[in-house]
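Summary of structural features
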Amino acid sequence: VQQMLGGSFSKDIHQGEQAIRLSKGPPTHKAPADSPFANGGVVVLEAAAGMGKTELAEHMVVFAAAKMSMLPIFGTMGPRPGDSVRFATELLRSCLGACRASDPGGDAPEDDYAALQRFAPPAMADLLPCLKQALSNSSVKEKSEQILGSALRVVEAMIRKLVKRAPIVLVLQFEYGTSLFPKTLDDQAIFWDAVGKLTVLVEQEMQQEKGDNHKPLVMLVICRAAEEDNAAVEIAKKANTLLRLRGLASENILQYMSNYLNVPMQVLPASLVQFVANVTSGNPRHIRETVNQLLESCIQVHLGANNKPKHIECKDIDKIDISSWQHTAMVGGTVCLLESLDPLQAAVLKMSTCFQGPFTLPDLAASASSKWDDATHFDFLRLFRAIWKLVEHKIIEEVSGEQYPGGGVEVHQAAQPYGKTRYFQTRNVLIHAVGASMVLEAQKKSVKRQALIDRALGKALPARMQDLTRKRNAQHIPWYYEQAFRRM
């Protein structure tokens, strides 16, 4: 981001009055020649909730507005009913705000519909009546598709006029909730379809001749998971502006905790940092919530004579019940994720939390689809499909295991050859703790007992069955025939 903007982070420009004052003046900064903020293009921010993508996008927009005099236009959408209409109205109102800011006369009407009639091209006059209800906050869910289509055409035409007077940064965000149901996928398709239509405008502006008076058009897309075959994502890939935010590394977690607690890094115990890293997976918001919860119960900051932190004491950090932090977004979001799973997937996940180490398909089938209970191969296939869905969602992980004579299992990350037993494990500490809290102790013992019985039968029964088959296939001569043969 710093390379694209050509400048480092500064707190001064994030002061509200300072940012507004700077944005009204002439540009004081020029982006690098190969940056989308200089030539136009697409920037995609992809990250899970709590990773800081919204804060990073805010910095980019404020920096571009304050130092490059770019006009921001916003549009956000989520999986809630009627959000496509909200997406359309936000784009319209934001465009109207940019038109008022760049209007040379400065006498633009305050009413949104009156301003839309003034700034929209005359050729779009037949589309304005259906947008009037949306701008007046009326309930128009039944016309959402028509409103969004009309709004995109009007917004595209207004941006074409605006970009001739000032550079534009177009910010589009999909606020992905915790729902994994098909309706959410439909809303995502609507959002990415709108992104694709606006990408055509960005591509056309990128192909314009670059002169001294060229005004770039930048589209910034913020999402949790980018649609790989979308035109905007493909442009970002080619320009190396597809930014996937990942969790903080161990050394960054140490520095982040030091800044948040306002203590030196050398004061933080290694056990505390390791615990926070395992629970949060480097998610900054989860780190803050975890530290706040630990401050209430098991860690204490001791101050020295000069009122500076001397050392930090940790008490029973391994005995903490993470699932009891249901008031945090970290645990609450995990609960919503698990509750939104299909019944069979949820059952598989809950059973997987009964195992501390790797488990196999037969371990789960011993309780869910036992072959001693007339289970068929189709039942095993459904169970494996549920396990694989959880692997695709990155809720559980596929690992490889090597059995030792003592019965232990050593875990590696290497892929298993075809035909070998596949091992899985719930390694995410947060998901494991929340999932285990949904299972009764008696159920945990039952799952473990059935898995142990199945493993024991799997080891001893085949050899015994072979011995029995050998005895049954052996040629048998009755006793009286033996006696008769001897007399003969």
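Residues numbered from 1 in each chain as written. Predicted model: local features only at pLDDT ≥ 70, side-chain atom pairs only at ≥ 80, totals over all residues. Heavy atoms only, no water.

Considering the overall build of the protein
Secondary structure summary: the protein contains 20 helices and 10 strands in total. Every one of the 488 residues in the protein was classed for burial, and the buried ones make up 42%. When the accessible area of the protein is evaluated, it comes to approximately 27300 Å², of which 52% is carbon and sulfur surface. (Helix = DSSP H or I, 4+ residues; strand = E, 2+ residues; numbered from the N terminus. Buried < 20%, exposed > 50% of the residue type's maximum accessible area, 1.4 Å probe, protein only. Areas by Shrake-Rupley, 256 points an atom, 1.4 Å probe, with all protein chains shown as cover.)

Concerning the pairing of strand 1 (residues 41-46)
In terms of burial, strand 1 is largely enclosed, as 6 of its 6 residues are buried. Residues Gly41, Val43 and Leu45 of strand 1 are buried on one face, and the alternating residues Val42, Val44 and Glu46, pointing to the opposite face, are buried as well. Bridge count for strand 1 against strand 4 (residues 217-223) is 6 bridges, and the pairing is parallel. What sits directly across from Val42, in strand 4, is Met219. In this structure, strand 1 lies alongside strand 5 (residues 242-244), joined through 3 bridges in parallel fashion. Within strand 5, the position partnered with Glu46 by the bridge is Arg244. (Pairing = 2+ DSSP bridges.)

Regarding the packing of aromatic side chains
Aromatic rings in a pair are described by how distant their centres are and how their planes are angled relative to each other. If you walk through the whole model with that rule in mind, you get 6 aromatic pairs. Centre to centre, the rings of Phe355 and Phe359 are 5.7 Å apart; their planes meet at 25°, and the pair counts as stacked. With centroids separated by 6.1 Å and ring planes inclined at 20°, the aromatic side chains of Phe384 and Trp388 adopt a geometry described as stacked. Separated by 4 residues within a single helix, Phe384 and Trp388 lie in helix 17 (residues 377-392), roughly one turn from each other. Accessibility expressed as a relative area gives 24% for Phe384, which makes it partly exposed. On the accessibility criterion, Trp388 (24% relative accessible area) is partly exposed. Members of the aromatic cluster, joined through ring pairs, are Phe87, Phe174, Phe191 and Trp192. (Phe/Tyr/Trp six-rings, centres within 6.5 Å; stacked < 30°, edge-to-face > 60°.)

A word on the side chain of Ser352
Inspection of the secondary structure assignment puts Ser352 in helix 15 (residues 343-352). Polar contacts involving the side chain of Ser352 include one to the main-chain carbonyl oxygen of Leu349, which spans 2.6 Å. In contact with Ser352, not counting residues within four places along its chain, are Phe359, Leu364, Ile396 and Thr426. (Polar contact = N/O pair within 3.5 Å; in protein donor to acceptor, adjacent residues only side chain to side chain. Contact = heavy atoms within 4.5 Å.)

As for the pattern of salt bridges
One pass over the full model with this rule turns up 14 salt bridges. Asp112 is paired through a salt bridge with Arg93; the nearest N and O atoms lie 3.0 Å apart. With Asp112 in helix 6 (residues 112-119) and Arg93 in helix 5 (residues 83-102), this residue pair connects regions lying 19 residues apart in the sequence. Classification of Asp112 as buried rests on a relative accessible area of 19%. In this structure Arg93 comes out as partly exposed when scored by relative accessible area, which is 28%. Three or more residues are tied together by salt bridges with common partners; here these are Glu46, Glu228, Lys237 and Arg244. (Salt bridge = Lys/Arg side-chain N within 4 Å of Asp/Glu carboxyl O.)

Focus on the packing of helix 5 against helix 6
At their nearest, the axes of helix 5 and helix 6 sit 10 Å apart, and the two run at 65° to each other. When the axis of helix 5 is compared with that of helix 6, the two are roughly perpendicular. Here helix 5 and helix 6 pass one another in a crossing that is left-handed. The segment helix 5 lies against helix 6, with Leu92, Arg93, Leu96, Cys99 and Arg100 engaging Asp112, Ala115, Leu116 and Phe119. Classifying every residue of the contact of helix 5 with helix 6 by side-chain character gives 6 nonpolar, no polar and 3 charged. (Axes fitted to C-alpha atoms, helices over the stretch in contact; angles between N-to-C directions. Parallel < 35°, antiparallel > 145°, perpendicular 65-115°, else oblique. Left-handed = near helix turned anticlockwise from the far one by under 90°. Nonpolar A, V, L, I, M, F, W, Y, C, P; charged D, E, K, R; others polar.)

Structural notes on the side chain of Ser35
Tracing the chain through its elements places Ser35 in the loop between helix 2 (16-24) and helix 3 (36-39). Ignoring sequence-local partners within four residues, the contact set of Ser35 consists of Met4 and Gly40.

Description of the environment of Val221
Structurally, Val221 is set in strand 4. Once residues lying within four places of it in the same chain are set aside, the contact partners of Val221 are Val43, Val44, Leu45, Leu172, Phe191, Trp192 and Val195.

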